[in-house]
Amino acid sequence: LRDELEGLMHVFIHEKSFEACGGLETVTGHMQRVIAAQACLLLVNRKHDYYRKLRSILLYPTAYKAKDEHGEESVRLGESWHSGSVILAWESVIAGGRNEEDGHHVSLHEFAHQLDQVDGAADGVPELAGTGSYRAWSQVFSKAYKRFNDKVDRGKRTVIDDYGATNPAEFFAVATETFYEKPRQLKEEYPKVYQQLKSYYQVNPLEW
Ligand SMILES: [Zn+2]
């Protein structure tokens, strides 16, 4: 996997443009490699198209402020736009990579959104192989999402961060973070979700 990851990173860095934002002077080669490694972790060992819609990665030094469609300002660590950009705060890229078991990983989260958005809809369903896979995926994920929401409503913590209750797209992105960062707990609490993610990502983080 290591050699393959290196190859993917090389293409990724070559194909995507990196832009420094919010007072960051430049996106250094080191920064590009760290981001590419995290993005390509989601591609390794499976059929993919190098995030075909993604053109640019916008990098801020730290959490940044942005306005939503209602003009409401909020502090953000990252975003994924279906128009072809991922926005990240370098600070949180580093934090995601450093602490491997806290379940939080902003880059994995945003790049999972890219995978979800590639078919035009941010609905928590990425491109799968075959119609049968879609049926299985939606059965497992809609059930899990419902069960998860019930728990969140009752104030119960689960291995999946509460933010996943926002909508099915966030549930998929947060479940992806959990899959790579807390595979054991995810498999215990949501074995079918783990199974689906394992067959989608074609890796088994439990063996790492
Ligand atoms: Zn998100």
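Residues numbered from 1 in each chain as written. Predicted model: local features only at pLDDT ≥ 70, side-chain atom pairs only at ≥ 80, totals over all residues. Heavy atoms only, no water.

What to know about the packing of helix H1 (residues 2-15) against helix H2 (residues 29-41)
Helices that pack against each other are described as a pair by the angle of their axes relative to one another and the distance between those axes.
Moving on, step 1. At a minimum axis distance of 9 Å, the contact between H1 and H2 shows a crossing angle of 115°. Seen along the crossing, H1 lies across H2 with a hand that is right-handed. Touching Leu5, Glu6, Leu8, Met9, Phe12 and Ile13 of H1 are Gln32, Arg33, Ala36, Ala37, Ala39, Cys40 and Leu41, all from H2.
Moving on, step 2. Looking at the contact of H1 with H2 residue by residue, the class counts come to 10 nonpolar, one polar and two charged. (Axes fitted to C-alpha atoms, helices over the stretch in contact; angles between N-to-C directions. Helix = DSSP H or I, 4+ residues; strand = E, 2+ residues; numbered from the N terminus. Left-handed = near helix turned anticlockwise from the far one by under 90°. Contact = heavy atoms within 4.5 Å. Nonpolar A, V, L, I, M, F, W, Y, C, P; charged D, E, K, R; others polar.)

Considering the environment of arginine 52
Moving on, step 1. For arginine 52, the position within the fold is in the loop between H2 and strand S2 (56-60).
Moving on, step 2. Here the alpha-carbon distance between arginine 52 and glutamate 15, two residues 37 residues apart in the chain, equals 9.8 Å.
Moving on, step 3. Beyond its immediate sequence surroundings of up to four residues, arginine 52 is in contact with Val118 and Glu127.
Moving on, step 4. A polar side-chain atom of arginine 52 sits 2.6 Å from a polar atom in the side chain of aspartate 49. (Polar contact = N/O pair within 3.5 Å; in protein donor to acceptor, adjacent residues only side chain to side chain.)

Details of the domain arrangement of the protein
Moving on, step 1. Its domain assignment divides the protein into domain 1 (2-117) and domain 2 (131-207).
Moving on, step 2. Computed from C-alpha atoms alone, the centre-to-centre distance between domain 1 and domain 2 is 21 Å.
Moving on, step 3. Every contact between the two is made by 20 residues of domain 1 and, on the other side, 17 residues of domain 2.
Moving on, step 4. For the pairing of domain 1 and domain 2, the buried interface totals around 1,500 Å² over both sides, and the portion due to carbon and sulfur atoms is 56%.
Moving on, step 5. Summed over the three residues of domain 1 that lose the most area to domain 2, namely Arg46, Gly103 and His109, the buried surface amounts to 30% of that side.
Moving on, step 6. Seen at the junction of domain 1 and domain 2, the total is zero salt bridges. (Domains from an automatic or database assignment. Buried area = accessible area lost by both parts, 1.4 Å probe. Salt bridge = Lys/Arg side-chain N within 4 Å of Asp/Glu carboxyl O.)

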